[in-house]
Amino acid sequence: MTIRVVVADDQELVRSGFAMILDAQPDIEVVAEAGDGRAAVEAVRRLAPDVALLDIRMPGTDGIEACRTISAGTGCRTVMLTTFDSDEYVYEALHAGASGFLLKDVRRDDLVHAVRVVAAGDSLLAPSVARRLIAEYTSRPQAAAVAPSARLDVLTARERETLLHLARGLSNAEIAAALVVSEHTVKTHVGNVLSKLGLRDRIQAVICAYECGVVTPSPEA
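To keep things clear, this report deals only with the structure shown in the data block. Just so it is clear, the model here is predicted, and its values are computed rather than measured.

1. Overview of the overall build of the chain
Consideration 1: Looking only at helices and strands, one finds 10 helices and 5 strands in the chain.
Consideration 2: Taken across its 221 residues, the chain has 47% of its residues classed as buried.
Consideration 3: In the chain, the share of contacts with a sequence separation of at least 24, taken over all contacts with a separation of at least 6, comes to 67%.

See below:
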């Protein structure tokens, strides 16, 4: 099955470069390019792609608003293009429904891998993304420690441990090593966490973990 993609970035060279890389793959087709968020939303509504790559910062309708609109009104999944060193909007983009993040200097293979992962229904949450989320969360006034939420009472002890490790940005393999279980068991635990808490993916699980007090933000995080 061909993965259909919309690429949105106000920098034509960046946009065209990503589109060229993706179009060269036998299982990926770039169906549209857009120079701003409004055009990206229109393209998604018109063409119903599987994945939209959205630059966070674009003129007019920015990537976050476009992501929010796309996530709420279509079945298309979104990946945000960003420069973590300067973007303060990572947290808002996560809440808007982003399924992943890529640095604009992403390697060719990582770009292709990200599109395939997100199209398959998973999320792209590398440890670097988790660290940026934590840093953004701890910079906010509401980041004071909170008591664990009763929302988590539906989780077993093992599922809570899994959520804790997700919040720290660990991969399934790393969680398996920490819990001394198989990766298959970890996938089951992750699936249970998402299902019981009504979460879409691992990224939402990280947000939930911090908001519910599973982990307490600290400057060292």
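2. Describing helix α10 (residues 202-211)
Consideration 1: The element α10 is largely enclosed, with a buried count of 8 among its 10 residues.
Consideration 2: Within α10, the full set of buried residues consists of R202, I203, A205, V206, I207, C208, A209 and Y210.

3. Structural notes on the pairing of strand β1 (residues 3-8)
Consideration 1: Within β1, 5 of the 6 residues are buried, which leaves the element mostly enclosed by the surrounding structure.
Consideration 2: Taken together, the 6 bridges between β1 and strand β2 (residues 28-34) define a ladder with parallel strand orientation. Of the residues in β2, the one forming a bridge with V6 is A32.
Consideration 3: Of the crossover connections in this fold, the one passing from β1 over helix α1 (residues 12-23) to the parallel β2 is right-handed.
Consideration 4: In this sheet, strand β3 (residues 51-55) lies alongside β1 in parallel orientation, the contact comprising 4 bridges. When the sheet's bridge partners are listed, V5 is paired in β3 with V51.

4. A short note on the side chain of R202
Consideration 1: Mapped onto the fold, R202 is located in helix α10.
Consideration 2: A distance of 2.6 Å separates polar atoms of two side chains, one belonging to R202 and the other to N172.

5. Things to note about the sheet that holds strand β4 (residues 77-82)
Consideration 1: Strand order in the open sheet formed by 5 strands is β2-β1-β3-β4-β5, with parallel pairing between adjacent strands. The sheet is open, and its two edges are formed by β2 and β5 (100-103), each paired on a single side. Strand-to-strand twist in this sheet, taken as the mean axis angle between neighbours without regard to direction, amounts to 25°.
Consideration 2: As paired elements, β3 and β4 share 5 bridges and run parallel to each other. Opposite L54, over in β4, you have M80 as the bridge partner.
Consideration 3: Contacts between α1 and the sheet are confined to β1, β2, β3 and β4, with β2 contributing the most and set at about 165° to the helix.

6. Some details on the nonpolar core
Consideration 1: Formed by 27 residues in total, the largest nonpolar core has its most connected members in L54, I70, M80 and F101.
Consideration 2: Mapped by element, the contributors of at least two residues to this core are β1, β2, α2 (37-47), β3, α3 (63-73), α4 (90-96) and α10.
Consideration 3: If near-sequence neighbours (up to four positions away) are discounted, M80 is found in contact with L54, I56, G63, I64, C67, A93, A98, G100, F101 and L102.

How each quantity is defined
- Residues numbered from 1 in each chain as written.
- Predicted model: local features only at pLDDT ≥ 70, side-chain atom pairs only at ≥ 80, totals over all residues.
- Heavy atoms only, no water.
- Helix = DSSP H or I, 4+ residues; strand = E, 2+ residues; numbered from the N terminus.
- Buried < 20%, exposed > 50% of the residue type's maximum accessible area, 1.4 Å probe, protein only.
- Contact = heavy atoms within 4.5 Å.
- Pairing = 2+ DSSP bridges.
- Right-handed = clockwise from strand over helix to strand, strands pointing away.
- Polar contact = N/O pair within 3.5 Å; in protein donor to acceptor, adjacent residues only side chain to side chain.
- Axes fitted to C-alpha atoms, helices over the stretch in contact; angles between N-to-C directions.
- Core = buried A, V, L, I, M, F, W, Y, C linked by side-chain atoms within 4.5 Å.

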